[in-house]
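What follows is each chain in one-letter form.
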Amino acid sequence: MRPLFKAERERARVLSRTSHWDWDRLPGREAAAKRAQWAMYRAHLREAGELADTSDVLVAFGVRAELAAHGWDRE
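Here the structure is a predicted model, which is why all the values come from computation and not from measurement.

Visitor: Please clarify how the overall build of the protein should be interpreted in this entry.
Guide: In terms of regular secondary structure, the protein is built from 3 helices and 0 strands. For the protein, the N- to C-terminal ordering of α and β elements is α-α-α. For 75 residues, the compact-globule formula gives about 11 Å, and the C-alpha radius of gyration of the protein, at 15 Å, lies well above that figure. Projecting the C-alpha coordinates of the protein onto the three principal axes gives extents of approximately 50 × 30 × 15 Å. Here the protein holds 75 residues, and 19% of them are scored as buried. A fraction of 38% describes how many contacts in the protein between residues 6 or more apart in sequence connect residues 24 or more apart. On the protein, roughly 5900 Å² of surface is accessible, and the fraction owed to carbon and sulfur atoms is 56%. Taking the average location of the 14 positive side-chain charges in the protein and that of its 12 negative ones, the two points are 7 Å from each other.

Here it is in structure tokens:
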């Protein structure tokens, strides 16, 4: 699993440094806002199962899949 986590963490790092998310040259408040937007986007990717850069995310995804397989994925 370590290679997966390493690759996913690297992918998240690369995503955060794309021109859309680059906050290096922004003034303080703008940079903070951009970092907050990135954090929300990263959380969305994790929730959607599109980014598994932590073991918690991977386990949660697996649990959700198992619950759905048993029909127990109701609110």
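Visitor: Help me understand the confidence of the model for the protein, please; the structure alone is not making it clear to me.
Guide: A low pLDDT score tells you not to read the predicted coordinates there in detail. Averaged over every residue, the pLDDT of the protein is 85; the share at 70 or more is 99%. Ranking the helices and strands of the protein by mean pLDDT puts helix H2 (residues 28-47) first, with 90, and helix H1 (residues 2-16) last, with 83.

Visitor: Which parts of the structure should I look at to understand the packing of aromatic side chains?
Guide: Going through the model one piece at a time under the given rule, you end up with 3 aromatic pairs. For the pair tryptophan 21 and tyrosine 41, a centre-to-centre distance of 5.4 Å together with 25° between the ring planes defines the contact as stacked. Of this pair, tryptophan 21 sits in the loop between H1 and H2 while tyrosine 41 sits in helix H2, placing them 20 residues apart in sequence. For tryptophan 21, a relative accessible area of 11% translates into the label buried. Ring centres 6.0 Å apart and planes at 50° place the aromatic pair tryptophan 38 and tyrosine 41 in the tilted group. Linking tryptophan 38 with tyrosine 41, this pair stays in helix H2, spanning 3 residues, or about one helical turn. Taking relative accessible area as the criterion, tyrosine 41 reaches 33% and is therefore assigned partly exposed.

Visitor: What's the story with H1 in this structure? I'm lost.
Guide: Note that an α-helix has 3.6 residues per turn; residues three or four places apart therefore point the same way. For H1, spanning 15 residues, the distance from its first C-alpha to its last is 21 Å, which sits close to the expected 21 Å at 1.5 Å a residue. Within H1 the residues assigned to the buried category are Phe5, Glu8, Ala12 and Ser16. Buried positions in H1, seen along its axis, are confined to an arc of 75° and lie on one side of it. Turned more than 90 degrees away from the buried face of H1, the exposed residues are Pro3 and Lys6.

The rules behind these values
Residues numbered from 1 in each chain as written. Predicted model: local features only at pLDDT ≥ 70, side-chain atom pairs only at ≥ 80, totals over all residues. Heavy atoms only, no water. Helix = DSSP H or I, 4+ residues; strand = E, 2+ residues; numbered from the N terminus. Rg over C-alpha atoms; globule rule 2.2 N^0.38 Å. Buried < 20%, exposed > 50% of the residue type's maximum accessible area, 1.4 Å probe, protein only. Contact = heavy atoms within 4.5 Å. Areas by Shrake-Rupley, 256 points an atom, 1.4 Å probe, with all protein chains shown as cover. Lys, Arg positive; Asp, Glu negative; His and termini not counted. Charge placed at Lys NZ, Arg CZ, Asp CG, Glu CD. pLDDT = per-residue confidence, 0-100. Phe/Tyr/Trp six-rings, centres within 6.5 Å; stacked < 30°, edge-to-face > 60°. Expected span 1.5 Å × (residues − 1). Arc of directions from axis to C-beta.

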